[in-house]
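Okay, here's what each chain looks like letter by letter:
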Amino acid sequence: MAHNQSLTTAEKIRAFPWYFGGQAANVVFVILTWFSGILPLFLNALGFSKTQIGVILSLPWFFSLLALLVSGWVVRRGVKRIFLWCFGARTVVTILLGIAPWILVRYGIPAAFIWVIGVSAAFSLCRAVGETGFLNWAREMIPNHLRGKTDAMTAIVCGVFSLLASLGSSLVLKYVHGLSGYSLLFFLSIPFGVIALFAFAMIPGGRPVRAEVASTGGANNFMAVMRDRNFLLYEGGIGLFCLAVFGLSFVPLYMQDKVGLSADQVLLLGVVFWFGVLASSYLWGWSGDRFGSKPVLLSGLMLSVFFPLIIFLLPRAGAWSLIAAMVTYVYWGIVNQGYNAGAGRYLFVGAVPSDSRNAAYYSVHYAFSGLCAAVAPLGAGWLLDQCSAVSLSWRFVHVDQFSPLFGFSLLLMVGSAVLFSRLRKDGIVRPGEFMSMFIQGNPIMAFNSMIRYRFADNEADRLSTTRGMGDAENPLSVGELLEAVSDPSFNVRYEAIVAMARMPPQEPLTNALIAILKSQEPDLSVAAGWALGRIADKRAIPALRQALHSEYALLRSRSARSLSNLGDAESVPLLCDLLKNEKNDNIRVAYASALGVFRAERALDDLMVLLKRLANDSLRGEVALAIVRIIGEEHQFVRLWRSTRSDFGTGCAQALAILHKRIAAEWPFSAPRDEILDAAEQALAAQSLDAGAESLGRLIRYAPLDLLPPRLASVLVECGCQLEQSGATHREYVLLTLTILHKSLTVARRRKDERRMTDDRRQTTEEEIRTNNQTSGGKNVHAD
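Note that the structure is predicted; figures quoted are calculated from it, not measured.

Student: Looking at this structure, how should I read the overall build of the protein chain?
Tutor: For the protein chain, the count of helices and strands is 39 helices and two strands. By the compact-globule yardstick of 28 Å for 784 residues, the protein chain is too spread out, its C-alpha radius of gyration being 40 Å. Projected onto its principal axes, the C-alpha positions of the protein chain cover 125 × 85 × 60 Å. Taken across its 784 residues, the protein chain has 53% of its residues classed as buried. Taking the intrachain contacts of the protein chain between residues at least 6 apart in sequence as the baseline, contacts between residues at least 24 apart amount to 79%. Just so you have it, the protein chain exposes about 34,700 Å², and 60% of that area is on carbon and sulfur atoms. Taking the 73 positively charged and 61 negatively charged side chains of the protein chain as two groups, their mean positions are separated by 9 Å.

Student: Quick question: what am I supposed to make of the pattern of salt bridges here?
Tutor: This model, assessed by the stated rule, comprises 24 salt bridges. Among the ionic pairs, Asp400 bridges to Arg316, the shortest N-O distance being 2.5 Å. Of this pair, Asp400 sits in strand 2 (residues 397-400) while Arg316 sits in the loop between helix 17 (306-312) and helix 18 (321-351), placing them 84 residues apart in sequence. Residue Arg316 is classed as partly exposed on the basis of its relative accessible area of 21%.

Student: Help me understand the nonpolar core in this model?
Tutor: In a soluble, globular protein the nonpolar side chains are often hidden away together inside. By size, the foremost hydrophobic cluster in this structure holds 120 residues, and its most contacted members are Phe42 and Met255. Residues within four places of Phe42 in sequence aside, it is in contact with Leu97, Ala100, Pro101, Leu179, Tyr182 and Phe186. With 114 residues, the next largest nonpolar core counts Cys576, Leu614, Val623 and Leu712 among its residues.

Student: Just checking my understanding: could you explain the side chain of Asn336 for this structure?
Tutor: Along the chain, Asn336 turns up in helix 18. In this structure Asn336 touches Phe241, Phe273 and Ser304, once residues within four positions along its chain are discounted.

Student: Got a minute to help me understand the environment of Trp61 in this structure?
Tutor: Positionally, Trp61 belongs in helix 4 (residues 50-62). When the C-alpha positions of Trp61 and Phe648 are compared, they lie 86 Å apart, and in sequence the two are 587 residues distant.

Student: Would you mind showing me how to read unusual backbone geometry here?
Tutor: The bulk of non-glycine residues show a negative phi, and the bulk of peptide bonds are trans. Backbone geometry at Ala536 places phi at a positive 60 degrees, although glycine is not the residue there. Residue placement: Ala536 occurs in the loop between helix 27 (522-535) and helix 28 (541-547). On the basis of relative accessibility, which here comes to 40%, the residue Ala536 falls in the partly exposed class. Positive phi is not limited to glycine here, since Gln687 has a value of about 70 degrees.

Student: When you look at helix 27 in this model, what are you seeing that I'm missing?
Tutor: What sets the pattern is the α-helix's 3.6 residues per turn: residues three or four places apart point alike. Taking 1.5 Å per residue, 14 residues should reach 20 Å; helix 27 reaches 20 Å between its end C-alpha atoms and fits that length. For helix 27, the complete set of buried residues consists of Leu524, Ser525, Ala527, Ala528, Gly529, Ala531, Leu532, Gly533 and Ile535. Packed against the buried residues of helix 27 are helix 25 (490-501), helix 26 (507-517), helix 28 and helix 29 (553-565). Looking at the residues trailing helix 27, positive phi occurs at Ala536, about 60 degrees.

Student: Explanation requested: the packing of helix 13 (residues 229-246) against helix 20 (residues 403-420) in the structure shown.
Tutor: Helices that pack against each other are described as a pair by the angle of their axes relative to one another and the distance between those axes. With their axes 8 Å apart at the nearest point, helix 13 and helix 20 run at an angle of 165 degrees to one another. What the angle tells us is that helix 13 and helix 20 run roughly antiparallel. Like other packed secondary-structure pairs, helix 13 and helix 20 cross with a definite hand, here left-handed. Between helix 13 and helix 20, the contacting residues are Leu233, Tyr234, Gly236, Gly237, Ile238, Leu240, Phe241, Leu243, Ala244 and Val245 on the first element and Ser409, Leu412, Met413, Gly415, Ser416, Leu419 and Phe420 on the second.

Student: Where do I start with the packing of helix 32 (residues 604-613) against helix 33 (residues 617-631) in this structure?
Tutor: Between helix 32 and helix 33, the least distance of the axes is 9 Å, while the angle of their chain directions is 160 degrees. Considered as vectors, helix 32 and helix 33 are oriented roughly antiparallel to each other. Judged by the sense of rotation from one axis to the other, the crossing of helix 32 with helix 33 is left-handed. Contact with helix 32, carried on its side by Leu604, Leu607, Met608, Leu610, Leu611 and Lys612, involves Arg620, Val623, Ala624, Ala626, Ile627 and Ile630 of helix 33 and no other residues of that element.

Student: How should I be thinking about the packing of aromatic side chains in this particular structure?
Tutor: Centre distance and the angle of the planes are the two values used to describe a pair of aromatic rings. For the structure on display, the rule yields 24 aromatic pairs. On the numbers, 5.6 Å between centres and 50 degrees between planes, the contact of Phe42 with Tyr182 is tilted. Highlighted residues: Phe42 in helix 3 (residues 38-45) and Tyr182 in helix 10 (residues 179-201), separated in sequence by 140 residues. On the basis of relative accessibility, which here comes to 0%, the residue Phe42 falls in the buried class. Residue class for Tyr182 comes out buried when judged on its relative accessible area of 7%. When the ring of Phe307 is compared with that of Trp332, the centres are 4.2 Å apart and the planes differ by 10 degrees; the resulting orientation is stacked. One end of the pair, Phe307, is in helix 17; the other, Trp332, is in helix 18, with 25 residues separating them in the sequence. What makes Trp332 buried here is its relative accessible area of 8%. Aromatic ring contacts, followed pair by pair, group Tyr234, Phe241, Tyr339, Tyr346 and Phe420 into a single cluster. In this arrangement the basic side chain of Arg731 is found over the ring face of Phe648, its NZ or CZ atom lying 4.6 Å from the centre.

Student: Which parts of the structure should I look at to understand the confidence of the model for the protein chain?
Tutor: Close inspection of predicted coordinates is inappropriate in any region flagged by low pLDDT. Confidence in the prediction of the protein chain, expressed as mean pLDDT, is 84, and 92% of residues score 70 or more. Every residue in residues 211-216 is under pLDDT 50, and counting partners more than four places away or in other chains gives six contacts.

Procedures and definitions
- Residues numbered from 1 in each chain as written.
- Predicted model: local features only at pLDDT ≥ 70, side-chain atom pairs only at ≥ 80, totals over all residues.
- Heavy atoms only, no water.
- Helix = DSSP H or I, 4+ residues; strand = E, 2+ residues; numbered from the N terminus.
- Rg over C-alpha atoms; globule rule 2.2 N^0.38 Å.
- Buried < 20%, exposed > 50% of the residue type's maximum accessible area, 1.4 Å probe, protein only.
- Contact = heavy atoms within 4.5 Å.
- Areas by Shrake-Rupley, 256 points an atom, 1.4 Å probe, with all protein chains shown as cover.
- Lys, Arg positive; Asp, Glu negative; His and termini not counted.
- Charge placed at Lys NZ, Arg CZ, Asp CG, Glu CD.
- Salt bridge = Lys/Arg side-chain N within 4 Å of Asp/Glu carboxyl O.
- Core = buried A, V, L, I, M, F, W, Y, C linked by side-chain atoms within 4.5 Å.
- Expected span 1.5 Å × (residues − 1).
- Axes fitted to C-alpha atoms, helices over the stretch in contact; angles between N-to-C directions.
- Parallel < 35°, antiparallel > 145°, perpendicular 65-115°, else oblique.
- Left-handed = near helix turned anticlockwise from the far one by under 90°.
- Phe/Tyr/Trp six-rings, centres within 6.5 Å; stacked < 30°, edge-to-face > 60°.
- Lys NZ or Arg CZ within 6 Å of the ring centre and 35° of its normal.
- pLDDT = per-residue confidence, 0-100.

Right, here's the structure in full:
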């Protein structure tokens, strides 16, 4: 028989409302009956022991093992058909749970226990067989690229109904006392079970499939699963987490017996739990689709580790007990939803191979997770009974029968995290990188801009929201920026490039900017070259080197500047060649600036030639800055430049006055030199800038050039010549000369000190030799 015809994505999306409705009605049904704090409280009210309660709570999960036996039959019969029949029977069986109080009154606790065990077994059987095929059906009905958001919407819808159901059940138990309140809740759940059946019946798919079963045996399918290491790691992590969480099934009793909350207050915790789920569902689901399941899974799991510890430290029987418990449950709802969103998504997109139609994957997963979920409450109930005599207190720390349970739960969660950390990567970021995204920049502004961007339909709004994502400087908005950079509007694309430049380095952004750099849009290419230099991602270096040969002059200029920002010292030879061969002096300035950053001494002569030829003051200032960077006196040059902004002559005179004493002390004495130095200082102070500059130029003739490195001496001589010829016409030479004089004095003093130390060592050595010779001569005379 041929495979069943695949559903189109459009058909799947049309069925989403029925899927959401069915899940919402079903979650109300299970909250009012089997899977919430209501059932443990009900069983405790019936008078059952902790061990008996653990047995009942574990039954639905033990029956999950049936999945290994019936999965092939379910697939052949049609997963949808079996699911609907079994869930219908499950709903009818639940009615019998409400009769348990009558059995208790008439026949006693043993009969009531047998009755509840029988009802639970019947319910568990129907549930296990029905859900065996549901995972296959769920994979068929939800496209993988929409799975995270779909699960998030499911969690939101279910969260709203769960919240209302929890709040309603709390009110029922508050006003309907005793076992009657619990029975009423069980009977109220039946209509919701029926509504869920109707909604699921409207979803397409789930037809019988026989071809896979006929071609391979069940044993071969099972062995194929057992050889899948990644799947086994996933199941190991799932198993440990199930043991940890389902072992906490007795927390409602802990809240009631130890913390001192009433039954309706305990159920109120379920309400605030769903507040946490609702608040975080979309974020977790969206994050899973964008960044991968594994980062979301591990983030939620690592935050979940703190839950048992927080519960252990809750204040007891105090005014703040309820508030502290509610805050704890909100936190638990947030982190638990993160784990569920990541684990659920990873099952379909990572744990089970995307090309596999082997139903054994789902039956093994369902059976194993069910087994762990069954063992946990059974073992927890036994542990609680065994530790019933434990009671120690010290200040706010209370150790009782529940404390070992919390300790084991914490350790199991840690073990689960270790196994999950070894899973195959399925996203674009590592878990640590994902968690750090929420503390970088301004994540709240990023989310706000991202949401507004999705609703922005005119250019002004798109520009504003794109700018906001850049202002947030948070990597969560990378996807929206990648979309904005391909916007039909040039202005939006340009704004997206500017926004990218303000982001921390991200490989997708770097790749997008490199693509723009190589495009045939000069304006955007230049902006992309600037952005690559700003974000400082070294992966952009090869592309920027290539852009140095572009036909667009501005792009060559921008690429050179960005390479200097990236610290690409290997590009220095290429930049030197380009500086010599470039015909456009404006572009040469960019090469000069880059070479200045790299402190390329080999380029000093060419930079001095370029400075002499330039006419624009701003460009001349940039080249002068490049020269002093190579010399190593940028801080001195910038300080001098700032001090001369408002009064050039006075600022230079003050700088020269500081150098005056050092020149007199360090340079060889010369009366003409002192006269020139005094004349330069006085002329500059009197605002005779040309005269002062010419005198400063003549002063260089008396500098001890032999004490300076050749290149530094060459630059100083060139500055002196230009000042003598042009005076203060080009003020950069004045600033350069003063800066180099400061540097030369330092170098000269250091070399003098080195020579003095050398002479002292030589003199000491000679004296030691002379002393030794004299001592040897005296000994010889005494011997004679």
